[in-house]
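Report on the structure
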Amino acid sequence: MIDEATRYLEGHITAKPTVGVVLGSGLGAFADELTERVDIPYGEIPGWPGSTAIGHAGKLTFGQIEGVPAAVMAGRAHLYEGYTPAQVTYGVRVLGKLGVRSMVFTNAAGGINLTLERGGLFLISDHINLQGCNPLVGPNDESLGTRFPDMSDAYCRAYREIAKSVAAELCIPMAEGVYAAMLGPSYETPAEIRFLRAIGADVVGMSTVLEVIAANHMGIKSLGISCVTNMAAGILQQKIHHEEVLETGALVRDTLVRFLKALLPRLAA
Ligand code: HPA
């Protein structure tokens, strides 16, 4: 199926993308920045899982960003929607087959570290996979990558340095730390947040880690950016609502667009 999807997309684009971006909940605006745009709804691509999450558009956009051929996924598949790890990582697999060598994964996340603030951007330095699965379970497809991929630089150090330089140049404050991935879809309990803080997590979300594992498996260099859409459970005397997550996403969208626009050409160089 992955090869069929790859061939289908090759028939619809003029330039093969070298960088890929995944846009998380409420963060879909960046796709509009591409020039010479070709939009392909997920439903048209063989085997591509549809996006059921609110705040996810569900389309793949090809185009140029400052002269760099790019592919942007607006909307992703999550385990909590009932998708399998293979479906969650399908987009990464297809983009990798198309020739993407660098990926930027964005997501909405809850802030665990008390120094974080709602609405801030956060650079992922590493992750803790608490989703109870791994997309590489099962027979290894050697054409994609090795059986036991190294994950000690899963969020490419060189890319993180570039990201920090770009953020500084644009005067965008950017914290850095560890992303913990939960299965969801319920938000965490306050006790779970205390546990996550104790094991070294700074933010928590329900996506990204399986995609980053698949990307590393294929030798695709990865960068992760969280938008801290809310403080995690039990920190503030208020409940967490999905609307708050989407609202904050909308507030930082322009900042994220500015950041990605400056960042992507630097990753391709
Ligand atoms: N927890 C898990 N996932 C999230 C959160 C959260 O608090 N906010 C946005 N995604």
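Residues numbered from 1 in each chain as written. Predicted model: local features only at pLDDT ≥ 70, side-chain atom pairs only at ≥ 80, totals over all residues. Heavy atoms only, no water.

1. Structural notes on the overall build of the chain
- Helix and strand content of the chain: seven helices and nine strands.
- Radius of gyration (C-alpha) of the chain: 17 Å, near the 18 Å computed for a compact globule of 269 residues.
- By its C-alpha atoms, the chain is 55 × 40 × 35 Å across when sized along the principal axes.
- Evaluated residue by residue, the chain yields a buried proportion of 53% over its 269 residues.
- Sequence separation of at least 24 residues holds for 82% of the intrachain contacts in the chain that already meet a minimum separation of 6.
- Surface summary for the chain: the accessible area is close to 11300 Å², and the carbon and sulfur share equals 54%.
- With 21 positive and 27 negative side-chain charges, the chain shows a separation of 2 Å between the mean positions of the two kinds. (Helix = DSSP H or I, 4+ residues; strand = E, 2+ residues; numbered from the N terminus. Rg over C-alpha atoms; globule rule 2.2 N^0.38 Å. Buried < 20%, exposed > 50% of the residue type's maximum accessible area, 1.4 Å probe, protein only. Contact = heavy atoms within 4.5 Å. Areas by Shrake-Rupley, 256 points an atom, 1.4 Å probe, with all protein chains shown as cover. Lys, Arg positive; Asp, Glu negative; His and termini not counted. Charge placed at Lys NZ, Arg CZ, Asp CG, Glu CD.)

2. Focus on the site of the ligand
- Lining the immediate environment of the ligand, one finds Ala 108, Ala 109, Gly 110, Tyr 187, Glu 188, Val 204, Gly 205, Met 206, Thr 229, Asn 230 and Val 245.
- Here Gly 110 contributes a backbone N or O atom positioned 3.4 Å from a nitrogen atom of the ligand.
- Glu 188 places a side-chain nitrogen or oxygen 2.8 Å from a nitrogen atom of the ligand.
- Starting from 260 Å² of accessible surface for the ligand in isolation, the protein chains cover 95%.
- Among the secondary structure elements, those contributing two or more residues to the shell around the ligand are strand E5 (102-111), strand E8 (203-205) and strand E9 (221-231).
- Of all the elements, E5 adds the most residues to the shell around the ligand, at three residues. (Near = heavy atom within 4 Å. Polar contact = N/O pair within 3.5 Å; in protein donor to acceptor, adjacent residues only side chain to side chain.)

3. As for the nonpolar core
- Residues Leu 9, Ile 45, Trp 48, Leu 60, Phe 62 and Leu 95 are the most contacted members of the largest nonpolar core, which totals 44 residues.
- Of all the secondary-structure elements, those providing two or more residues to this core are helix H1 (2-10), strand E3 (59-65), strand E4 (68-74), helix H3 (90-98), E5, strand E6 (121-129), strand E7 (174-181) and helix H6 (209-217).
- Examining the composition of this core, we find that six residues originate from one element, H6, more than from any other.
- Residues in contact with Leu 9, not counting those within four places in the same chain, are Ile 40, Ile 45, Leu 60, Phe 62, Val 94 and Leu 98.
- Within the second largest apolar cluster, 33 residues are counted, among which are Phe 30, Ile 172, Val 252 and Val 257. (Core = buried A, V, L, I, M, F, W, Y, C linked by side-chain atoms within 4.5 Å.)

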